[in-house]
Amino acid sequence: DDRIMRYTPPTGEFEVMIITCNPGEDITLPPLSVPAIFVVLEGSGNTDNEEGQRLVMRPGRSYYIPEHCPQLTLAVNDSKRGPLKIALAHENQHVDEPTLACAEHSKQWGGEFALPSESTSNPGTPRSPDKYVMKSVKELNLKPGALRDFNVPKL
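This write-up is about the structure you can find in this document.

Reading the values: rules and limits
Residues numbered from 1 in each chain as written. Predicted model: local features only at pLDDT ≥ 70, side-chain atom pairs only at ≥ 80, totals over all residues. Heavy atoms only, no water. Helix = DSSP H or I, 4+ residues; strand = E, 2+ residues; numbered from the N terminus. Buried < 20%, exposed > 50% of the residue type's maximum accessible area, 1.4 Å probe, protein only. Contact = heavy atoms within 4.5 Å. Pairing = 2+ DSSP bridges. Axes fitted to C-alpha atoms, helices over the stretch in contact; angles between N-to-C directions. Core = buried A, V, L, I, M, F, W, Y, C linked by side-chain atoms within 4.5 Å. Salt bridge = Lys/Arg side-chain N within 4 Å of Asp/Glu carboxyl O. Polar contact = N/O pair within 3.5 Å; in protein donor to acceptor, adjacent residues only side chain to side chain.

## Overview of the overall build of the chain
So, point 1. Assigned secondary structure in the chain consists of 1 helix and 9 strands.
So, point 2. Listing the helices and strands of the chain from first to last along the sequence gives β-β-β-β-β-β-β-β-β-α.
So, point 3. Relative to its full complement of 155 residues, the chain shows a buried share of 27%.
So, point 4. Look at the contacts in the chain between residues 6 or more apart in sequence, and 68% of them connect residues 24 or more apart.

## A short note on the sheet that holds strand β1 (residues 4-7)
So, point 1. One open sheet holds the 5 strands; their spatial order is β1-β2-β9-β4-β7, and the pairing between them is antiparallel. Of all strands in the sheet, those with a lone pairing partner are β1 and β7 (62-65), marking the two edges. For this sheet the average axis-to-axis angle between neighbouring strands, irrespective of direction, equals 20°.
So, point 2. Taken together, the 4 bridges between β1 and strand β2 (residues 15-21) define a ladder with antiparallel strand orientation. Bridge pairing in β2 places I4 opposite I19.

## With respect to the nonpolar core
So, point 1. In terms of nonpolar packing, the biggest core is built from 18 residues, with I19, F38, L74, L84, I86 and L88 touching the most fellow members.
So, point 2. Looking at this core, the elements that each hand over two or more residues are β2, β4 (36-42), β7 and β9 (84-90).
So, point 3. Discounting chain neighbours no more than four positions away, the residues touching L84 are I19, T20, C21, V40, E42, G43, S44, G45, M57, L74 and V76.

## What to know about the sheet that holds strand β3 (residues 26-28)
So, point 1. Overall, antiparallel pairing links the 4 strands, which are arranged β3-β8-β5-β6 in an open sheet. Of all the strands in the sheet, the pair left with one neighbour each is β3 and β6 (54-57). Pairwise comparison of adjacent strand axes, ignoring direction, gives a mean angle of 20° for this sheet.
So, point 2. Two elements, strand β5 (residues 45-48) and strand β8 (residues 73-75), share 3 bridges in a ladder whose sense is antiparallel. Along β8, the bridge assignment pairs T47 with L74.

## Things to note about the environment of E42
So, point 1. Mapped onto the elements, E42 comes out in strand β4.
So, point 2. What makes E42 partly exposed here is its relative accessible area of 36%.
So, point 3. Sequence separation of E42 and G60 is 18 residues, and the distance between their C-alpha atoms is 7.9 Å.
So, point 4. Setting aside its immediate chain neighbours within four residues, E42 contacts P59, P83, L84 and K85.

## Thoughts on the pattern of salt bridges
So, point 1. Applying the stated criterion across every chain, the model contains 4 salt bridges.
So, point 2. The shortest N-O distance in the salt bridge between E97 and R6 comes to 3.9 Å. Here E97 is found in the loop between β9 and α1 (137-140), whereas its partner R6 is found in strand β1, with 91 residues between them in sequence.
So, point 3. The class for E97 is partly exposed, based on a relative accessible area of 47%.

## Remarks on the side chain of E15
So, point 1. Mapping E15 onto the fold places it in strand β2.
So, point 2. Here the side chain of E15 touches Q93 through a polar contact of 3.0 Å, landing on its backbone nitrogen.
So, point 3. In terms of polar contacts, E15 uses its side chain to reach the side chain of H94, at 3.0 Å.

Following this line, the structure appears as structure tokens:
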């Protein structure tokens, strides 16, 4: 479905789907065998599941979806002027199919930085390919103010 965009990093911790439902449409969320959360980014709508439970969704609201939860169907009334957009995050189920390019070959833009791999193993994410190594701020040994010019975009 082209209304679901999947962002899959090359690490097992998480992946995010951006799901868009336009006015007058409905869309059924993919089945999940792991717990997930979703945040309403924009628009409004509702969802019903097979058990008759209904959620009214508005921007900023977040919801927890337990593993093996019955599938939810998002719907937006056709009288609404814009789409409902949610971000659904959960453990990475497609770690072997990342949608992100390797930092070694990707172009960098102003304000971005990449961390070179210093080792060939990544004990924090055993399912990740060796060429992708994630580092925590503590592991980087950054000094206070080292990223003072790094701008985080506002949502």
